[in-house]
Protein chains: 2
Amino acid sequence: MKHGGDLLRYQEAYDGELVDFSSNINPLGPPPGLKEKIMEGLDSLSVYPDIHYRALRRSVADYLQCDVQNVLLGNGSVELIDLFVFLAKRVVLCIPSFSEYELRAQIHQKRIHRIPYKDDFTLDLPTLYRNLKEGDLLILGNPNNPTGLRINKETLLDLYEKVKQAGAFLLLDEAFFEFCPRDYDSISCFSDDRYAQVAVLRAATKFFALPGLRLGYGCASPEVAEQIKRLQLPWSINALADIAGRFIFEDKAYLQRSRAYIKKERDYLLSELSPIQGLHVFPTQANFILIKLDHWSEEEALAHFLQEGLLIRPCSSFPGLDSRTIRVAIKDRVNNDRLLHAFKKLERKAGGENKGYT
Amino acid sequence: MKHGGDLLRYQEAYDGELVDFSSNINPLGPPPGLKEKIMEGLDSLSVYPDIHYRALRRSVADYLQCDVQNVLLGNGSVELIDLFVFLAKRVVLCIPSFSEYELRAQIHQKRIHRIPYKDDFTLDLPTLYRNLKEGDLLILGNPNNPTGLRINKETLLDLYEKVKQAGAFLLLDEAFFEFCPRDYDSISCFSDDRYAQVAVLRAATKFFALPGLRLGYGCASPEVAEQIKRLQLPWSINALADIAGRFIFEDKAYLQRSRAYIKKERDYLLSELSPIQGLHVFPTQANFILIKLDHWSEEEALAHFLQEGLLIRPCSSFPGLDSRTIRVAIKDRVNNDRLLHAFKKLERKAGGENKGYT
């Protein structure tokens, strides 16, 4: 299982609608009014999108507080990841991380250098700095998936200087950034034209709850943004993603509400999960939680949760994680309570079956 | 101007709504009922599309009368073109042809071998056969854009044998195939499993009038289809393209109506254009017409038609065509008559200005 969200594969295991804890989508759904906006714009399917996406670029620039010429757009952020990988001499990854980084590097036949995160899933900076070389593309999740931690601001600025000195390039994949506490804004860290060796990627997929829309975006120096645009397929972003991207960033109340909702549910889930025996719950700033199981394999856990109508994400397919690790999304209170209930049931099973192998 | 359809760039030149003769879209618009189907499915934007597009593949397979494992899917057919180019050793093109073939080859740093079409825009087969080598990807528009001619069935089957003998691969870009007279079906030519060195591409863009949707599709051998799928970005096709692709092929009456409509308007335009002095009108089986101008450059023509509220396609950006060549789409009768009127006006201008340089 390379990705979360493949509900169809598991649906038959449960007689009812599965709740998908394997993909990490804003439980509040897309911004209100978006559906109506798209309905009004359905005729745009019959004309080519603006090949330069002029209005969409302006909207993204306003949201990210950068200039129009800094804007990156993609058919999902994964298209942008692919293009940066395409330009790299070598790809440096900290593992575990999103599987597409490595997959795209393999497809483009790039050398890959993997550096494990430390046991607490913070960056192993000395090893990282020692290994960076000219032409490297360093891809870091900020916060990282599946581990959930963000790089703090001081580390990030220091990291950038080291990347620059090495003649490398830093790609920050911030698909989950808006879910994090608002300690700092990574993009304003790099909004100055001096920062030519970094790009920041965001996406409509997770925070705006629009995985079907396919809209990735981000910012980089004007030179890098132009270079990426030259490599892209024409009309890579569909007309409805174009319309949605000119709408979703406007509703500041939705942004705040979503962030606050996730914070409350994250605090709740972490505090309720922590006392459960047999779970090692890792800290997170994102909208998902990585959990190590003392008594069960990921496959046993998957089967257990499926019986409860819940799809979780087994994590051994992430290089650097073993088959006792799972990831769960943070959802709405009703479903989070179902998840907690199922975890408690799993633990009672362990007691009953006397599986004491820790 | 690399592509047609960049209306925004020209809109300010005309005080009114420009009619776009530069992009070749079915004038009947998308199949009836599609809008409602998409409206019903808008909630699917909030879930990941099926990562395997199982239902969409079945729908395409039914339409193309191939097996599910033969089906190719892309974010527009241009994504599929890009992936085939990526796999090629060398790219062989007959020029003039769609500019993306060469552009994608440049981006993937592939060697390019160009073979000009003959003066009547049929294939120069002896030169083509002499030049084909192992690992070549031969890309042919069928019918070809911007010239409008299709390869006849006997030539196509013979061509395939030569491609196979050379150890090359044939990519037929059939974005405009459904507009052609129904003499033969290229896909049924290659539906047998023996045909492992050919792929046929189609698209929702032109015939189904859905350029904003981004749905390309096609068929190839199961091995080739699997190889392409492995290279693709996950969720490359958006959720609404997924929904549309499960609907648009059903309406056989729409297919027939569109084909008949284009045939009638093609015959009408060709017969009305031919007597106009100063135009050389090339024959076409597609929904666009290539025209060589005796008295005007493409830029003069572009300016003239813009004054009339019509956007045409200058063609000197196609390698192999000069700056006296333009392309116009076949549209509905009212607009076709506006186009004819504007051509006649252009010719009268030539008389008045006494531009006798042929």
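Rules and cut-offs
- Residues numbered from 1 in each chain as written.
- Chains lettered and ligands numbered in written order.
- Predicted model: local features only at pLDDT ≥ 70, side-chain atom pairs only at ≥ 80, totals over all residues.
- Heavy atoms only, no water.
- Helix = DSSP H or I, 4+ residues; strand = E, 2+ residues; numbered from the N terminus.
- Buried < 20%, exposed > 50% of the residue type's maximum accessible area, 1.4 Å probe, protein only.
- Areas by Shrake-Rupley, 256 points an atom, 1.4 Å probe, with all protein chains shown as cover.
- Lys, Arg positive; Asp, Glu negative; His and termini not counted.
- Charge placed at Lys NZ, Arg CZ, Asp CG, Glu CD.
- Least-squares fit on C-alpha atoms with pLDDT ≥ 70 in both.
- Contact = heavy atoms within 4.5 Å.
- Buried area = accessible area lost by both parts, 1.4 Å probe.
- Salt bridge = Lys/Arg side-chain N within 4 Å of Asp/Glu carboxyl O.
- Polar contact = N/O pair within 3.5 Å; in protein donor to acceptor, adjacent residues only side chain to side chain.
- Nonpolar A, V, L, I, M, F, W, Y, C, P; charged D, E, K, R; others polar.
- Pairing = 2+ DSSP bridges.
- Axes fitted to C-alpha atoms, helices over the stretch in contact; angles between N-to-C directions.
- Phe/Tyr/Trp six-rings, centres within 6.5 Å; stacked < 30°, edge-to-face > 60°.
- Lys NZ or Arg CZ within 6 Å of the ring centre and 35° of its normal.
- Parallel < 35°, antiparallel > 145°, perpendicular 65-115°, else oblique.
- Left-handed = near helix turned anticlockwise from the far one by under 90°.
- Core = buried A, V, L, I, M, F, W, Y, C linked by side-chain atoms within 4.5 Å.

Turning our eyes to something else, we now look at the overall build of chain A. A count of helices and strands for chain A gives 13 helices and 13 strands. Expressed as lengths along the three principal axes of its C-alpha atoms, the size of chain A is roughly 60 × 55 × 35 Å. Expressed as a percentage of its 358 residues, the buried residues of chain A come to 61%. Counting every atom, chain A has about 13800 Å² of accessible surface; 48% of that belongs to carbon and sulfur. Here chain A holds 46 positive side-chain charges and 48 negative ones, and the gap between their average locations is 2 Å.

Each of the two chain copies can be brought onto the other by rotation about an axis and movement along it. It takes a turn of 180° to lay chain B on chain A, together with a shift of 0.0 Å along the axis; the resulting RMSD is 0.0 Å. Here the symmetry operator amounts to a two-fold rotation axis. No C-alpha of chain B approaches the rotation axis more nearly than that of Met-39 of chain B, which lies at 3.3 Å. Here 100% of the contact residues of chain B are again contact residues in chain A; the copies associate through an equivalent surface.

Moving on to the interface of chain B and chain A. Contact residues are listed per partner, giving 50 residues for chain B and 50 residues for chain A. Between chain B and chain A, the buried area comes to about 4000 Å², and carbon and sulfur atoms account for 65% of it. Our enumeration of links across chain B and chain A arrives at two salt bridges. The salt bridge involving Lys-35 of chain B is made with Asp-43 of chain A; its shortest N-O contact spans 2.9 Å. Counting every contact that joins chain B to chain A gives 20 residue pairs in polar contact (both at pLDDT 80 or more). Listed by contribution, the elements that provide at least two residues to the side of chain B that touches chain A are α1 (7-11), α2 (34-40), α4 (77-87), α5 (99-107), α9 (222-231) and α10 (239-245) of chain B. The dominant element in the side of chain B that touches chain A, judged by the number of residues it contributes, is α4 of chain B, at four residues. Taken together, the residues that form the side of chain B that touches chain A break down as 24 nonpolar, 13 polar and 13 charged.

The phi torsion of most residues other than glycine is negative, and most of the peptide bonds are trans. Of note, the bond from Ile-95 of chain B into Pro-96 of chain B is cis; its omega dihedral lies within 30 degrees of zero at 5°. Mapped onto the fold, Pro-96 of chain B is located in the loop between β3 (90-95) and α5. Omega for the peptide link from Asn-142 of chain B to Pro-143 of chain B comes to 5°, which places this bond in the cis form. Tracing the chain through its elements places Pro-143 of chain B in the loop between β5 (136-141) and α7 (153-166). A positive phi angle is found at Gln-109 of chain A, which is not glycine, with a value near 55°. On the secondary structure map, Gln-109 of chain A appears in the loop between α5 (99-107) and β4 (111-116). Of the residues examined, Gln-109 of chain A reaches a relative accessible area of 73% and is grouped as exposed. The backbone of Phe-121 of chain A sits at a positive phi, close to 65°, despite the residue not being glycine. Tracing the backbone shows Phe-121 of chain A in the loop between β4 and α6 (125-131).

Residues and elements named next belong to chain B. What the four strands build is an open sheet, ordered β9-β10-β13-β12; its pairing is antiparallel. A strand with exactly one partner marks an edge of an open sheet, and here the two such strands are β9 (279-281) and β12 (313-314). In this sheet, strand β10 (residues 288-293) lies alongside β9 in antiparallel orientation, the contact comprising three bridges. Residue pairing across strands places His-280 opposite Lys-292, the latter belonging to β10. Along the sheet face, helix α11 (residues 252-273) touches β9, β10 and β13 (325-329) and points at about 10° away from the line of β10. In this fold helix α12 (residues 298-307) packs onto β10, β12 and β13, with an angle of close to 35° to the strand it touches most, β13.

As a further point, take the environment of Pro-234 of chain B. Mapped onto the elements of the fold, Pro-234 of chain B is located in the loop between α9 and α10. Looking at Pro-234 of chain B, the relative accessible area reads 10%, which means it is buried. Sequence separation between Pro-234 of chain B and Ser-97 of chain B is 137 residues, and the spatial gap between their C-alpha atoms is 30 Å. Each residue touching Pro-234 of chain B, except ones within four places of it in the same chain, is listed here: His-3, Val-78, Glu-100 and Arg-214 of chain A together with Ile-51 of chain B.

Bringing the sheet that holds strand β12 (residues 313-314) of chain A into the picture now. Residue and element names in this part refer to chain A. The four strands are arranged β9-β10-β13-β12 in an open sheet whose pairing can be described as antiparallel. Looking along the sheet, the strands with just one partner apiece sit at the ends: β9 (279-281) and β12. Strands in contact with helix α11 (residues 252-273) are β9, β10 (288-293) and β13 (325-329); relative to β10, the strand with the most contacts, it is inclined by about 10°. Against the sheet, helix α12 (residues 298-307) makes contact with β10, β12 and β13, and its axis sits at roughly 35° relative to β13, the strand it touches most.

Counted under the stated rule, the structure contains 40 aromatic pairs over all chains. Both rings, one in Tyr-63 of chain B and one in Phe-208 of chain B, keep their centres 6.1 Å apart while their planes meet at 70°; by these two values the pair is edge-to-face. Here the residue Tyr-63 of chain B occupies a position in helix α3 (residues 54-64), and Phe-208 of chain B occupies one in the loop between β7 (198-203) and β8 (216-219), the gap between them amounting to 145 residues. With respect to class, Tyr-63 of chain B is no different from Phe-208 of chain B; both count as buried. For the pair Phe-84 of chain B and Phe-169 of chain B, a centre-to-centre distance of 5.5 Å together with 25° between the ring planes defines the contact as stacked. With Phe-84 of chain B in helix α4 and Phe-169 of chain B in strand β6 (residues 169-173), the pair connects residues that are 85 residues apart, well separated along the chain. The buried category is assigned to Phe-169 of chain B, whose relative accessible area is 14%. Through pairs of rings, three or more aromatic residues link up here, namely Tyr-63, Phe-176, Phe-179, Phe-207, Phe-208, Tyr-217, Phe-249, Tyr-254 and Phe-288 of chain A. Looking at Arg-150 of chain B, its charged tip hangs above the ring of Phe-177 of chain B, at a distance of 5.3 Å from the centre.

This part is about the packing of helix α4 (residues 77-87) of chain A against α5 of chain A. Helix-helix packing is characterised by the crossing angle of the two axes and by the distance between the axes. All names here are of chain A. Direction vectors running N to C along α4 and α5 enclose 45°, while the axes themselves pass 9 Å from each other. Here α5 runs oblique to α4, going by the angle between their axes. Once α4 is placed against α5, the crossing between them reads as right-handed. Between α4, through Val-78, Ile-81, Asp-82 and Val-85, and α5, the contact on the second element is made entirely by Glu-100, Tyr-101, Arg-104 and Ala-105.

Looking now at the nonpolar core. In this structure, Phe-208 and Phe-343 of chain A together with Phe-208 and Phe-343 of chain B are the most contacted members of the largest nonpolar core, which totals 210 residues. Counting residues per element, this core draws most heavily on α11 of chain B, which supplies seven residues. Aside from chain neighbours lying at most four places away, what touches Phe-208 of chain B is Gly-29, Pro-30, Pro-31, Tyr-63, Glu-178, Ala-203, Tyr-217, Ile-248, Phe-249, Tyr-254 and Leu-255 of chain B.

A word on α4 of chain B. In terms of burial, α4 of chain B is a largely internal element, ten of the eleven residues being buried. Burial in α4 of chain B covers these residues: Ser-77, Val-78, Glu-79, Leu-80, Ile-81, Asp-82, Leu-83, Phe-84, Val-85 and Phe-86 of chain B.

Residues and elements named next belong to chain A. Their axes nearest at 10 Å, the elements α4 and helix α9 (residues 222-231) cross at an angle of 100°. Classified by the angle their axes make, α4 and α9 are roughly perpendicular. On α9, the residues that touch Leu-80, Leu-83, Phe-84, Phe-86 and Leu-87 of α4 are Val-224, Gln-227, Ile-228 and Leu-231. Considering only residue class, the contact of α4 with α9 consists of eight nonpolar, one polar and no charged.

Residue and element names in this part refer to chain A. Relative to the elements of secondary structure, Phe-247 occurs in the loop between α10 (239-245) and α11. Between the C-alpha atom of Phe-247 and that of Pro-126, which follows or precedes it by 121 residues, the distance is 43 Å. Non-local contacts of Phe-247, meaning those with residues more than four positions away in its chain, are made with Pro-32, Gly-33, Leu-34 and Lys-37.

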